[in-house]
Amino acid sequence: MLYLRNVSKSFRPDETILDDITFTIDKGEMAVLTGASGSGKSTILKLIYGEERPDRGELYLDKLNISAMKPSKIHRLRRKIGVVFQDFKLIPERNVWDNVALALEVVGKSRREISARVTELLLLVGLMQRKSYYPHQLSGGESQRVAIARALANHPLLILADEPSGNLDKENTAAVVGLLTQINHQGCSVLMATHNMELAAKLECRRLHLDSGKVTEAS
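Nothing here was measured: the structure is a model prediction, and the numbers come from that model. (Residues numbered from 1 in each chain as written. Predicted model: local features only at pLDDT ≥ 70, side-chain atom pairs only at ≥ 80, totals over all residues. Heavy atoms only, no water.)

Enquirer: Can you help me understand the overall build of the chain in this one?
Expert: Looking only at helices and strands, one finds 7 helices and 10 strands in the chain. The C-alpha radius of gyration computed for the chain amounts to 17 Å, which stays within 12% of the reference 17 Å derived for 219 residues, consistent with globular compactness. Each principal axis of the C-alpha distribution contributes one length, and for the chain these read about 50 × 40 × 30 Å. Of all 219 residues assigned to the chain, the portion counted as buried reaches 47%. Put simply, 68% of the contacts in the chain that link residues at least 6 apart link residues at least 24 apart. As displayed, the chain has an accessible area near 10900 Å², and 47% of this comes from carbon and sulfur atoms. Of note, the chain has its 30 positive side-chain charges centred 7 Å away from the centre of its 26 negative side-chain charges. (Helix = DSSP H or I, 4+ residues; strand = E, 2+ residues; numbered from the N terminus. Rg over C-alpha atoms; globule rule 2.2 N^0.38 Å. Buried < 20%, exposed > 50% of the residue type's maximum accessible area, 1.4 Å probe, protein only. Contact = heavy atoms within 4.5 Å. Areas by Shrake-Rupley, 256 points an atom, 1.4 Å probe, with all protein chains shown as cover. Lys, Arg positive; Asp, Glu negative; His and termini not counted. Charge placed at Lys NZ, Arg CZ, Asp CG, Glu CD.)

Enquirer: Help me out: how do you make sense of the environment of valine 83 in this one?
Expert: Take valine 83: it is sitting in strand 6 (residues 81-84). Residues valine 83 and isoleucine 159, 76 residues apart in the sequence, show an inter-C-alpha distance of 5.8 Å. Those residues in contact with valine 83 that lie beyond four places of it in its chain are Tyr49, Ala151 and Leu160.

Enquirer: When you look at the pattern of salt bridges in this model, what are you seeing that I'm missing?
Expert: Between side chains of opposite charge, a pair can form as their charged atoms come close. With the rule as written, the count across this model stands at 13 salt bridges. The shortest N-O distance in the salt bridge between arginine 5 and glutamate 58 comes to 2.0 Å. Of this pair, arginine 5 sits in strand 1 (residues 2-12) while glutamate 58 sits in strand 4 (residues 56-61), and the two are 53 residues apart along the sequence. A salt bridge links lysine 214 to aspartate 19; its shortest N-O distance comes to 3.4 Å. Within this pair, whereas lysine 214 is found in strand 10 (residues 214-217), its partner aspartate 19 is found in strand 2 (residues 15-25), the two being separated by 195 residues in sequence. Its relative accessible area of 29% is what places aspartate 19 among the partly exposed residues. Three or more residues are tied together by salt bridges with common partners; here these are Glu29, Arg206 and Glu217. (Salt bridge = Lys/Arg side-chain N within 4 Å of Asp/Glu carboxyl O.)

Enquirer: Please clarify how the packing of aromatic side chains should be interpreted in this entry.
Expert: Aromatic ring pairs are described here by two measures, namely the spacing of the ring centres and the angle between the planes. What the rule picks out here adds up to 1 aromatic pair. Relative to phenylalanine 85, the ring of tyrosine 49 has its centre 6.2 Å away and its plane inclined at 90°; by these criteria the two rings are edge-to-face. Highlighted residues: tyrosine 49 in the loop between helix 1 (41-48) and strand 4 and phenylalanine 85 in the loop between strand 6 and helix 3 (96-105), separated in sequence by 36 residues. Per residue, the accessibility class of tyrosine 49 equals that of phenylalanine 85, and both read buried. Positioned above the aromatic ring of phenylalanine 85, the side-chain terminus of lysine 89 is 5.2 Å from the ring centre. (Phe/Tyr/Trp six-rings, centres within 6.5 Å; stacked < 30°, edge-to-face > 60°. Lys NZ or Arg CZ within 6 Å of the ring centre and 35° of its normal.)

Enquirer: Help me out: how do you make sense of the sheet that holds strand 8 (residues 189-194) in this one?
Expert: Within a sheet, neighbouring strands are paired by backbone hydrogen bonds and run either parallel or antiparallel to one another. Judged by pairing direction, the sheet is mixed, and its 6 strands sit side by side in the order 6-7-8-3-9-10 without closing on themselves. Each edge of the sheet is formed by a strand with only one pairing partner; in this case those strands are strand 6 and strand 10. The sheet shows a mean angle of 20° between the axes of neighbouring strands, taken without regard to direction. Pairing of strand 7 (residues 158-162) with strand 8, which is carried by 5 bridges, proceeds in the parallel orientation. Looking across to strand 8, one finds that isoleucine 159 is bridged to valine 190. The strands touched by helix 1 are strand 3 (30-34), strand 6, strand 7, strand 8, strand 9 (206-211) and strand 10; relative to strand 7, the strand with the most contacts, the crossing angle is about 150°. (Pairing = 2+ DSSP bridges. Axes fitted to C-alpha atoms, helices over the stretch in contact; angles between N-to-C directions.)

Enquirer: Would you mind going over the sheet that holds strand 4 with me for this structure?
Expert: The strand order 2-1-4-5 describes an open sheet built from 4 strands, whose pairing is antiparallel. In this open sheet, the two edge strands, each paired with only one partner strand, are strand 2 and strand 5 (64-65). Here strand 1 runs beside strand 2; their pairing, made up of 7 bridges, is antiparallel. Bridging from a neighbouring strand, serine 10 pairs with threonine 16 of strand 2. Docked against the sheet, helix 1 engages strand 1, strand 2 and strand 4, running at close to 120° with respect to strand 1.

Enquirer: Help me understand the nonpolar core in this model?
Expert: Proteins that are soluble and globular tend to have nonpolar side chains buried together. The biggest cluster of nonpolar side chains holds 39 residues, and the ones touching the most others in it are Val118, Leu122, Ile148, Ile159, Leu180 and Met192. Counting only elements with at least two residues in this core, the list comes to strand 3, helix 3, helix 4 (111-124), helix 5 (140-152), strand 7, helix 6 (170-185), strand 8 and helix 7 (197-202). Setting aside residues up to four positions removed in sequence, isoleucine 159 forms contacts with Gly82, Val84, Ala151, Leu152, Leu180, Cys188, Ser189, Val190 and Leu191. (Core = buried A, V, L, I, M, F, W, Y, C linked by side-chain atoms within 4.5 Å.)

Given below as structure tokens:
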């Protein structure tokens, strides 16, 4: 489903961030990508959702050639991918309900469809009782669960989670990772990037490791 082949990326001539990496994520698979802070994990995710372009190599998602997509067509890719960020990226002027609803509004869903889907998602992440709260009224764990609900809004094929527990304590980390695992068990592919090796070791899923620009299978 997701296929990276011989992908390289540099931001300066003397610094190669990604060096000829190749890996796949199958439909319905969950994988964790580990590596030190600054190793390039976020760069891989940005290449997948089209924020960055590779210097060389190819990326495909569900037969879409990401590496060759014109900027005007990136919206087609974004509808197949949900992204969860470390800092949540919620809109402070919108409450919980409206933050999730926005992802459906931009693709032209009807009010009835939006209401049904947002209700479904807030029940899934356990935040229906917080639907009228604004981001500043939420804990870090609650904010991340809203972000996950928003990422799921349009039934993506793939969830990319970039250090989703980076700003959370152990209890909320366990809750968020448990939620991502539950989502995966429902059929959505998940690729989670983290520098937390202890967390990665506890996950019963495939592990990839990024070091010195190379991705290898972790034992």
